[in-house]
Amino acid sequence: MKKLLVLLAALLVLTGCGASKGGDDKTIVIGGTPFPHGDILEQLREPLKEQGFELTVKKFDDYKIPNTEVESGGLDANYFQHIPYLKNFNKDNGTHLVDVLKVHYEPIGIYAGKKSSLADVAKGDTVLVPDDATNLPRALKVLEEIGWIELGDNRDTATVKDIVKFNQEITIKEVQSDGIAPLINDAEYVVLNGNYAITAKVVDRVLQTETISPETIADIVNVVAVKEGNEDSPKTKAIIKAFEDQRVKDYIDAQFAPAVTSVLK
């Protein structure tokens, strides 16, 4: 009799675990950085609900945790990074993450500071640009595109020293990328990454964004990542379908363009 009771108790525990797991299977947990990724993730709630899933969004100010959490199973997916970062993270940390959907990229643009029009540029105007090796060449190419400077042949790796001609007698000052937006009212113009423009709420001050080649977009596009082996799971398929919902695409365009450019089909 005791053996029978023990067996029944074990079956009840297993049944309870199965029911709990089944409930978890209807909850999708996605991580991302707050802006714009976290806001965009919130727009998946209704499209996922229509597919029978509940959404939990976890927001991080850290770039490492969202990846380690996907690797460990704490997150079903994340959305905050581009492919080169993802590949380097896998290499450096022994993780097994793969991208399953390309969502958006964040163009660099020139934004109004003390002056509100490109046509108002004058001798001695200061232009703040990001100082890092990735974004500085992009910033200089924006200044070349609007005709203020001319660069040599090595545009993709250009520094200020590679400016061969100033068509406008501007002063270019290099500043750490995340330190430019707070100084927007201290210079005539600033060159900002889209994410910093969104965070600083100065998207409406953009004057012109960069023209980007397909090759560059492939490097900077932000993706949804999952753990290898989960590419075709029901949850991953539901996430992709939710992102491709027209309501989500319309939200990205309405709230964040031109600082964010969607590549969703």
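One can find the structure itself at the top, above this paragraph.
Predicted, not measured: the structure shown is a model, and the values here were computed from it.

Here is what the cut-offs are and how they apply
Per chain, the residues get numbers from 1 upward, laid out in the order the sequence is written. The predicted nature of this model means local features are confined to residues of pLDDT at least 70 and side-chain atom pairs, given and counted, to a pLDDT of 80 or more, with totals for whole chains, interfaces and linings taken over all residues. By convention in this description, side-chain values take in all heavy atoms of the structure and omit both hydrogens and water. Strands qualify as paired when DSSP identifies two bridges or more between them. Segments assigned H or I by DSSP are reported as helices when at least four residues long, segments assigned E as strands when at least two residues long, and all are numbered from the N terminus. Throughout, a contact is declared for two residues whenever any of their heavy atoms are within 4.5 Å. Angles here are taken between N-to-C directions and fall from 0 to 180 degrees, while the axes themselves are lines fitted to C-alpha atoms, restricted in helices to the stretch in contact. Residues are called lining when one of their atoms sits within 4 Å of a cavity or pocket point, these points coming from a 1 Å grid over the protein atoms alone, where a cavity is a set in which a 1.4 Å probe fits but cannot get out and a pocket is an open set with protein on both sides within 12 Å along at least five of seven lines. Grid points are joined across faces, edges and corners, and a volume is the space filled by probe spheres set on the points. Residue polarity is assigned by list, with Asp, Glu, Lys and Arg as charged and Ala, Val, Leu, Ile, Met, Phe, Trp, Tyr, Cys and Pro as nonpolar; anything else, Gly included, falls into the polar class. Throughout this description, the term nonpolar core refers to a set of buried Ala, Val, Leu, Ile, Met, Phe, Trp, Tyr and Cys residues connected via side-chain atoms within 4.5 Å. Whether a residue is buried, partly exposed or exposed follows from its accessible area with a 1.4 Å probe, protein chains only, as a fraction of its type maximum: under 20%, in between, or over 50%, in that order. Taking the helix axis as origin, the arc is that swept by the directions to the C-beta atoms.

Enquirer: In this structure, what is going on with the sheet that holds strand E13 (residues 261-262)? I would like to understand it.
Expert: Neighbouring strands of a sheet are bound in pairs by backbone hydrogen bonds; such pairs are parallel or else antiparallel. The 6 strands lie next to each other as E2-E1-E3-E12-E4-E13, forming an open sheet whose pairing is mixed. Among the strands making up the open sheet, the edge pair consists of strand E2 (54-59) and E13. Contacting strand E1 (27-32), E2, strand E3 (77-82), strand E4 (97-105) and strand E12 (222-227), helix H2 (residues 34-42) crosses the sheet at an angle of about 170 degrees to E2. Sheet strands touched by helix H5 (residues 83-93): E3, E4 and E12. Its angle to E3, the strand with the most contacts, is close to 110 degrees.

Enquirer: Honestly, the layout of surface pockets in this entry has me stumped. Any pointers?
Expert: If a probe as big as a water molecule is rolled over the atoms, it shows which places are left empty. Approximately 1,100 Å³ is the volume found for the largest pocket. In terms of lining, the largest pocket is formed by 36 residues, of which the most central are His82, Asn135, Arg138, Asn193 and Ile220. Taken together, the elements giving at least two residues each to the lining of the largest pocket come down to H2, E3, H5, helix H6 (135-145), helix H7 (194-199) and helix H8 (214-220). Residue contributions to the lining of the largest pocket peak at 6 residues, all from H6. Here the lining of the largest pocket is built from residues that sort into 12 nonpolar, 15 polar and 9 charged. Empty space within the second largest pocket amounts to approximately 160 Å³. What lines the second largest pocket is Val70, Glu71, Ser72, Gly73, Leu75, Asp76, Lys227, Asn230, Ser233, Lys235, Thr236 and Ile239. Within the residue set of the lining of the second largest pocket, elements represented by two or more residues are helix H4 (65-72) and helix H9 (234-243).

Enquirer: Would you explain the sheet that holds strand E9 (residues 171-175) in this entry?
Expert: If you trace the 5 strands from one edge of the open sheet to the other, you get E9-E6-E10-E5-E11, paired in mixed fashion. Each edge of the open sheet is held by one strand with a lone partner, namely E9 and strand E11 (206-209). Mean inter-strand twist for the sheet, computed between neighbouring axes without regard to direction, equals 25 degrees. Pairing geometry for strand E5 (residues 109-112) and strand E10 (residues 189-192), over 4 bridges, is antiparallel. Bridge pairing links isoleucine 110 to valine 191 in E10. Where H6 meets the sheet, it contacts E5, strand E6 (126-130), E9, E10 and E11, and its direction lies at approximately 145 degrees from that of E6.

Enquirer: Explanation requested: the nonpolar core in the structure shown.
Expert: The nonpolar side chains of a soluble globular protein tend to be buried with one another. One finds Leu44, Val224 and Phe243 to be the most contacted residues of the largest nonpolar core, which totals 41 residues. Beyond its immediate stretch of four places on either side in the chain, valine 224 contacts Ala77, Asn78, Tyr79, Val98, Asp99, Val100, Leu101, Val103, Ile239 and Phe243. Counting residues in each nonpolar core, the second largest holds 21 residues, with Leu118, Val129, Ala158 and Ile170 among its members.

Enquirer: Is there a simple way to explain helix H10 (residues 246-256) in this structure?
Expert: Note that an α-helix has 3.6 residues per turn; residues three or four places apart therefore point the same way. Along H10, the residues classified as buried are Val248, Lys249, Tyr251, Ile252 and Phe256. Along the axis of H10, the buried positions cluster into a sector of 155 degrees, meaning they face one direction only. Where H10 is buried, its residues meet H2, helix H3 (45-49), E4, H7, H9 and E13.

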